[in-house]
Structures are given as C-alpha cells and as structure tokens.
Amino acid sequence: MSLLILENVTKRFGGLVAVDQVSLEIKHGEFVGIVGPNGSGKTTLFNVINGVFFPEEGRVIFEGLDITTLPPYKRAPLGIGRTFQIPRPFASATVRENVAVGAMFGTLSGKVNVDESLEIADQTIERVGLKEHRNKQAGTLTPVEKKLMEIARALAMKPKLLLMDEAMAGMHPNDIDQMVAFIKQVAEEDKIAIVAMVEHIMRAVVGMAEKVIVLHQGAKLVDAPTKEALEDPKVVEVYLGRPSEK
Amino acid sequence: MKKESTKYYPLIPVFAAYLVLFLIGRNVPGMWQLVAMLLFYCALGQAFNIFLGMTGYVDFGYVAFMGVGTYGMALAITKLAHIEGLGIAIIIIGFVMALFMATLLSLAVGAVALRLRGAYFAIATIGVNEGLRFFIEGARIWNGSEGLIFTAQLNQILGRETASTLMTFWADIMVLIIAVSAAFITLYYIRSKIGYALTALREDEDAAKVMGINVTKYKIIAFVTSACFAGLLGAASWALKTPYVFPPEVFEIHYTIEAIIIVLLGGSGTLLGPVVGGLIYGISKYYLSIFIPGFQLLIFAPIIIIIIVLFPEGVVGMLKNRFKDSALAQFII
C-alpha cells in the first residue's frame, strides 16, 4: 500500500489555479524531492497534503484513508509531520517545550502525558544535537538551530511522512551536506518517507532524493528518478529558459 | 522533570500576597476597604489572564461575563426570595446561576468570535457588553434599565445582621476564594497539556494546528474557564457587595480595560503576574484618588506607556528572565 496518494488534486485561489490536476504517489520510506521555480505551487501542494487548505477537486489518500477534508490537527497524529520554510518556533517556549508539544499532540494515541513527552523531547533534542540549547527560548536560537529544532519537533511526532519545506534554504554548503546526511540517516532509522521541497539548492536534491517531482505553474511536469528528472530538457527549460536558436 | 513537592512552589508567593493582604485588612483599622479593592483587582486579573495571558487573544467584551454573573446572583435572590427557609443556600444557588449564565454566554460568544483572530476577534467582542446592555434595557428583560434591587430580599432571607456582614466582609472573602481557585486552575493549566497547547497557539496558531493541536478546543477551554471566573467574580463582588444591578454599571467597558492593564502590567501568561499587576494598579489608583483626586482616571495611559517601554513582558515576566538561573526561578511562574 502506498503511503500517500494524490488523485487529480486541484486547488484554486479565485481565478488562480495554484495546483492543477496533480497526481502523485509516495511509498513508505521513500525520499522524494519536489522541485519547481518560485510560484510553481509547491507550498500550496504541501498545504493541501497537511490540511491547511482543502482542494476543490481530487482526493488525498493517506495509508488508504481518504483525508481530503480532514482538518490539519487530525492529520498530524496519523503521521504527517511538517517543517516550515521560515522556521516557526513557539518563540517564548523553550526548545524542550517546543519539541514536547510535537510528542504530546502529534502522536496517534493522544495519550502521551506531559512528563513522557518531555522525555521524548530530550531524546529527540539530543539526536539533532541541540542538547546544550534545550532550556533556551526557541526564539533566541540561530536560524540553523531553529531548523534543527523544527526537525526535532516533527520527529517527536513519530511521523510516517515528513514534509520539509525548503529545509536547506539559506544554509552554508557545509551545513547543507551535514543536514542532508543527518536527514537521510534519520529517515532510514525511523523509516520515514520524506518529501522535501526545494527551490534552488539542487545539491540537496541530488544528495537526497530517489525521485523528483517537478512542478511548473501548478501542474506536474516531470515525475522521475532524480538524475533523469534533472536532465530532462523540459525541466532545464523551466529553470533556464529555451536554448537560443543557433 | 519537576518533583511532586516542588510542583506547587509557584503558588507560594501568590498565597503569601493574599495572606499579607488579609492580615493587613483584618488588623489595621480602616484598611479593609482598600484590601477588598485590591483583592477584586487581583482576582479580576487572574480570571482574565487565563484567557488573555494564555491565548494572547484580547477580549474587549470581557466585562459582559461579570455582568451576567451579577445578574445570575441577582435573579436567584429576587426570584427565589419568597421560598421559605432557603437561608444561605440562596447564595450558593446564585453562584451556580452565575456560573451557568457565564458559561452559556461564553460558549455563544466563543462559537462565533473565536473563529476570528487577533484584531478581528478583539473588535468582534467589543460589541458584546454594549449589545447585552442595550438588549436588556431595550427588551426590558430582568426589569430593563430600572435594574434589580434586592437589599430588602437579602435582609428578609438572611436577617439584617447576616446580610450586613455578608456585604461588608463575606463577599470580599468570596472574592479571595475565587482568586485562590483561579491561581490553582492557572497553575494546573500551565503544567498540563492545556498550557502547552495554549502556548503553542498563542505563538503561532497555524504551526500549532499542523502539530496536531485542536486549537479551537483549547481556545474555548480557556475562554469558558476565564468567563466562569468572571461570572463568579461579578456575583460575589458586585451583586453581594452592593445588592443592586443596573445594566450600564455592570456592562461598563472600563472594567475590561482595567483587566487588560492589570494582566499586561503584571506579566501576561504568568501565574504571579496578575497578582502583582492588581496590587500595583489598585494601590496607585487608590492613593492617587486620595492625594491628587481626579488623576486616578488618567493613569491608564502612562501605565500602558511604561509597560511597553520598560517591560513589555510585564513585571513578573521581567523578574522571570532576571532570575532564570537562580533558585528563585521555581517560585516565579
């Protein structure tokens, strides 16, 4: 059974078609990159998957369950975690409390009490390497630390699918390599399928994804293994324009 | 994390403040009136803090819950006065009535207004107290603009002596009990899942939703809890202290503003904050009205400016940061 299936999903904002008849399939434990230039509908697609928006047409199926109109707070416990492009920590709470929130509300049983979630938080924070910052207010972290904290917060939810919105944007190349290695390792250990959205940093895509889906003006342009997808002339055209006539 | 015994340490400074207030009021002649006013402001701050402080939503119509609470008590007394032998039980019925009416109103307001966020919520709620006031006056329910006066009924049910001590002493003790219970509930909320959910939604409601938090549910929990305390406070401090109720007096937005100032001044979302805020606000208002009469009405603006400039997190928020790593930290929440 596939983990996530989108069937002809369309999301409009007034006359603007942000996501246009997109179908895709993600298997358990798979690493998929969603690539596309600015405004191609990547973020909207994410928002449709985790319930921030409901699509006008089409269906979203998670582990065989139709979740098309399920509110986001009911989707998270099913196993859909998310990080944001610009980190959105709960700024006044400590790192530990932030991560504990993930464990407390993001797990299916819903029966994780406060003390247990703080324990889970401690383990997860150690995993992402923020141990010495755990009692700091999340708002005071550096941008990279905030990203790590968001990943920890999502991991504490024990997701089956992790949506990563531009996890590498604005990072130093060395950090990117480290981050890629870390995410890969975590995904393998926890058997998490990762859908990473990437605008420009192809280095990250090549390093991570088994499969790449390219979006262009809301529609799916290419859905193929990474190398093949990135060399596709259509993709090159979307990013760089048409080759000039000789 | 915290051991069971240290879990309730933050209540110590809160209760110490109330104890000192109580002892001053009982032992220093002529002070009970000031103490009663301070207790009222502390209780008001604590009740409002459960909603404003923990969710970050500003409810400008908050006084409406105190208003209906006052009416709850007033109605219980006026309508049930003819029943023989009720005695003190009528006060309990009054409180139940106040709770019931505040809950009902908060569910109705919450179901509509809590769909809105930030400034939109604040503006939507401004209409609540004014609307209720004009509704009661216009539709002439509960005696309309003539209000309910029930001094006679109180005297008749409880006897002149008891009724008089009720008004001058026991009503204030009830306010104190309300304040103490609000402190317990606040700490319980802060330490439980509810507190974590409220912090998350206060900081970033969309992120909170994506983390699996049913934000509407937790907002309503905070809203109704806060409204219930307001209802009880109205019943105790307004209906029992001054046994009459007039719509323009109990739906006066002025009290909402005072509640907002107390919470922000003390430190919103903290346990100790509303107590500190209530004391500072109440004492400055009281002595200003004695030494520079008229100026107590002007203190809102300077207080707000001082809060914003000097300590945007309130007095307790500032102390909390300063003593973060010291032994005092476990007492200040």
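Residues numbered from 1 in each chain as written. Chains lettered and ligands numbered in written order. Predicted model: local features only at pLDDT ≥ 70, side-chain atom pairs only at ≥ 80, totals over all residues. Heavy atoms only, no water.

Undergrad: So what exactly am I meant to see when it comes to the overall build of chain B here?
TA: A count of helices and strands for chain B gives 15 helices and two strands. The C-alpha atoms of chain B give 20 Å as radius of gyration, which agrees with the globular expectation for 333 residues (20 Å, within 12%). With the C-alpha coordinates aligned to their principal axes, the bounding extent of chain B is approximately 60 × 45 × 45 Å. Within chain B, the fraction of its 333 residues that count as buried is 53%. Across chain B, contacts joining residues at least 24 apart in sequence account for 79% of those joining residues at least 6 apart. For chain B, the exposed surface amounts to about 14,200 Å²; the carbon and sulfur share of it is 69%. (Helix = DSSP H or I, 4+ residues; strand = E, 2+ residues; numbered from the N terminus. Rg over C-alpha atoms; globule rule 2.2 N^0.38 Å. Buried < 20%, exposed > 50% of the residue type's maximum accessible area, 1.4 Å probe, protein only. Contact = heavy atoms within 4.5 Å. Areas by Shrake-Rupley, 256 points an atom, 1.4 Å probe, with all protein chains shown as cover.)

Undergrad: I keep staring at the environment of R153 of chain A and nothing clicks. Help me out?
TA: Looking at the secondary structure, you find R153 of chain A in helix α5 (residues 143-155). Given a relative accessible area of 1%, R153 of chain A falls into the buried group. Along the backbone, R153 of chain A and A121 of chain A are 32 residues apart, and their C-alpha atoms lie at a distance of 7.8 Å. Apart from residues no more than four positions distant in its own chain, R153 of chain A is found in contact with F84, R88, P89, F90, N98, V99 and G102 of chain A together with A207 and M211 of chain B.

Undergrad: Help me understand helix α15 (residues 314-322) of chain B, please; the structure alone is not making it clear to me.
TA: The periodicity of an α-helix, 3.6 residues per turn, causes residues three or four places apart in sequence to face the same way. Within the sequence span of α15 of chain B, burial applies to G314, V315, V316 and G317 of chain B. In the core, the buried residues of α15 of chain B are packed alongside α12 (254-266) and α13 (273-291) of chain B.

Undergrad: What exactly am I supposed to notice about a nonpolar patch on the surface here?
TA: A cluster of nonpolar side chains, namely I283, Y287, I290, F291, I292, F295 and L298 of chain B, defines an oily patch on the protein surface of about 670 Å² accessible area. Relative to the helices and strands, I290 of chain B is located in helix α13. (Patch = residues over 30% accessible without salt bridge, like charges linked within 9 Å, V, L, I, M, F, W, Y side chains within 5 Å. Salt bridge = Lys/Arg side-chain N within 4 Å of Asp/Glu carboxyl O.)

Undergrad: Honestly, the domain arrangement of chain A in this entry has me stumped. Any pointers?
TA: A common way to report how large an interface is uses the accessible area buried once the components associate. All names here are of chain A. Its domain assignment divides chain A into domain 1 (1-70 + 178-185 + 192-246) and domain 2 (77-165). One C-alpha centre belongs to domain 1, the other to domain 2; they are set 24 Å apart. Listed by partner, the interface residues are 22 residues for domain 1 and 17 residues for domain 2. Together domain 1 and domain 2 conceal approximately 1,800 Å² of surface at their shared face, both sides included; 73% is due to carbon and sulfur atoms. Looking only at domain 1, the three residues that lose the most surface to domain 2 are F62, F182 and I192, adding up to 30% of its buried area. Taken together, the connections running from domain 1 to domain 2 amount to seven residue pairs in polar contact (both at pLDDT 80 or more). Elements supplying a minimum of two residues to the side of domain 1 that touches domain 2: α1 (42-50), α6 (173-190) and β8 (193-198). Each residue belonging to the side of domain 1 that touches domain 2 can be placed in one class, and the counts come to 18 nonpolar, three polar and one charged. (Domains from an automatic or database assignment. Buried area = accessible area lost by both parts, 1.4 Å probe. Polar contact = N/O pair within 3.5 Å; in protein donor to acceptor, adjacent residues only side chain to side chain. Nonpolar A, V, L, I, M, F, W, Y, C, P; charged D, E, K, R; others polar.)

Undergrad: Explanation requested: the pairing of strand β1 (residues 4-13) of chain A in the structure shown.
TA: On any regular strand, side chains alternate: one points to one face of the sheet, the next to the other face. All names here are of chain A. Across seven bridges, the pairing between β1 and strand β2 (residues 16-26) is antiparallel. Bridged to L6 within β2 is L24. Hairpin connection between β1 and β2: a loop of two residues separates the two successive antiparallel strands, and G14 in this loop has a positive phi of roughly 60 degrees. Note that β1 and strand β4 (residues 57-62) share five bridges and pair antiparallel. Across the sheet, residue L4 finds its bridge partner in β4, namely F62. (Pairing = 2+ DSSP bridges.)

Undergrad: Just checking my understanding: could you explain the interface of chain B and chain A for this structure?
TA: Taken residue by residue, the interface counts 21 residues in chain B and 29 residues in chain A. Between chain B and chain A, a total of about 2,100 Å² is buried, with carbon and sulfur atoms accounting for 67% of that surface. On the chain B side of the contact with chain A, Y196, V210 and M211 of chain B bury the most area, a combined 35% of that side's loss. Across the contact surface, chain B and chain A share two salt bridges. Linking chain B with chain A are six residue pairs in polar contact (both at pLDDT 80 or more). Among the secondary structure elements, those contributing two or more residues to the side of chain B that touches chain A are α8 (193-203) and α9 (205-210) of chain B. In terms of residue count, the dominant contributor to the side of chain B that touches chain A is α8 of chain B (seven residues). For the side of chain B that touches chain A, a count of residues per class yields 10 nonpolar, four polar and seven charged.

Undergrad: When you look at the packing of aromatic side chains in this model, what are you seeing that I'm missing?
TA: The description of an aromatic ring pair rests on the distance of the ring centres and on the angle between the ring planes. Scanning all chains against the criterion turns up 25 aromatic pairs over all chains. The interplanar angle of 75 degrees and the centroid separation of 5.1 Å between the aromatic rings of F13 of chain A and F53 of chain A together place this pair among those described as edge-to-face. Taken together, the residues F13 of chain A in strand β1 and F53 of chain A in the loop between α1 and β4 connect sequence positions 40 residues apart. Seen from their ring centres, Y71 of chain B and W142 of chain B are 5.0 Å apart, and the 35 degrees between their planes marks the pair as tilted. (Phe/Tyr/Trp six-rings, centres within 6.5 Å; stacked < 30°, edge-to-face > 60°.)

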